[in-house]
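# What the coordinates show
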Amino acid sequence: MVFSSLLFLYYFLPLVLSLYYLAPHKLRNLVLFAGSLFFYAWGEPVYIVLMIFSSLSDFGHGLLIDKYRNREQIAKWLVASAVAINLGLLGFFKYADFLILNLNAVLDTNFTPLHLPLPIGISFYTFQTMSYTIDVYRGKAPVQHSLISFGTYVAMFPQLIAGPIVRYNTVARQLNERRESLAAFGSGVGIFAVGLAKKVLLA
C-alpha cells in the first residue's frame, strides 16, 4: 500500500483517522498501533513477526537497562546485546546471500543462496528501536513502560516504510501527552497535500 494509492487515500487513511478521533485518549495509541500493523502486514504479512520481535527485544532491553542503570557493567552488556541483535537481523537479511556467494567463489563451495526478500522498512525500524535502547542507556530518553506506546513509535505507518528515522527522545513526550487541535489538523492536511502533489506530479 503506497501513500498515493486510492486504497490508502479513500479507505485506509479515513478509517484510521475516524477510529483515532472517536477513540478515548487512552486508546488512541492502540488505534495507531493496530492500524500501523495492518498497514505493514498488507505489504509484508510474513515479516510482521520480525518487526514485532525487534520491538519486543528493544522494549525489554530498555526496561532492563533502566533497572540495572546503577550497575554499569550489566547495563553495558545489555545495550551491547540489543545492538548485536538489531545489527544481526539487519545484516542477515541484507548480506546473507552476498556472503554465501563470496564463500562459494573463494572456497569453491556450493552453498545455495537463500534468496530471502528484504523486509520492507527493516533499516528504518531497526535503527529506530536501536536508537531507543542506546538513548535510554545514555540517559537521553526516558524508558517507555507501555508496550503499545513503544510499538506505536516503531510501527507508525507514515514513516515506517520510507523514513525518516525518528529518534525516540524527539517524540517521547508526544507518545503519551500529545494534544490535538483543529488548527494542527489543518496544518497536517496541508503538509500531506503538498507532499502528495510532489509525489504524484513530480516524482
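Starting from 1, residues in each chain are numbered consecutively following that chain's sequence as written. A pLDDT threshold of at least 70 governs which residues receive local features in this predicted model, and a stricter bar of 80 or more applies before side-chain atom pairs are shown or counted, although totals over entire chains, interfaces and linings include all residues. Side-chain figures throughout are based on the complete set of non-hydrogen atoms in the structure, without hydrogens or water.

## Description of helix 5 (residues 122-138)
Taking 1.5 Å as the rise per residue, helix 5 with 17 residues should run 24 Å; its terminal C-alpha atoms sit 24 Å apart, in good agreement. Think of it in three bands: with a 1.4 Å probe and only protein chains considered, a residue is buried below 20% of the maximum accessible area for its type, exposed above 50%, and partly exposed in between. Each helix corresponds to a stretch of at least 4 residues labelled H or I by DSSP, and each strand to a stretch of at least 2 residues labelled E; elements are numbered beginning at the N terminus. When you tally the buried positions in helix 5, you get 12 out of 17 residues, the bulk of the element. Considered for burial, the residues of helix 5 that qualify are I122, S123, Y125, T126, Q128, T129, M130, S131, Y132, T133, D135 and V136. Contacts are residue-level and defined by heavy atoms, with any inter-residue pair within 4.5 Å sufficient. Packed against the buried residues of helix 5 are helix 2 (28-43), helix 3 (48-67), helix 4 (72-107), helix 6 (147-155), helix 7 (157-160) and helix 8 (168-177). Two residues or fewer after helix 5 comes G139, characterised by a positive phi angle close to 80 degrees. For a helix, the expected span equals 1.5 Å multiplied by the residue count minus one.

## Points about the packing of aromatic side chains
Two descriptors summarise a pair of aromatic rings, namely the distance from one centre to the other and the angle between the planes of the rings. Centres within 6.5 Å make a pair out of two Phe, Tyr or Trp rings, where for Trp the six-membered ring is used; the pair is then stacked when the planes are under 30 degrees apart, edge-to-face when over 60, and tilted otherwise. Summed over the entire model, instances satisfying the criterion amount to 19 aromatic pairs. The interplanar angle of 80 degrees and the centroid separation of 6.4 Å between the aromatic rings of Y40 and Y125 together place this pair among those described as edge-to-face. Pair noted here: Y40 is in helix 2 and Y125 is in helix 5, with a separation of 85 residues, a long-range link. Taken individually, Y40 and Y125 each receive the classification buried, so the pair is uniform in this respect. Measuring from centroid to centroid gives 5.8 Å for F59 and F150, while their planes differ by 40 degrees, and the two rings are tilted. A residue pair is termed long-range when its members are at least 10 positions apart, and F59 in helix 3 and F150 in helix 6 qualify at 91 residues. In this structure an aromatic cluster arises from ring pairing among F8, F12, F38, F39, W42, F157 and F192. R28 extends its terminal NZ or CZ atom over the ring of Y20, reaching a point 5.0 Å from the ring centre. Should the NZ of a Lys or the CZ of an Arg lie within 6 Å of a ring centre and within 35 degrees of the ring normal, that charge is described as sitting over the ring.

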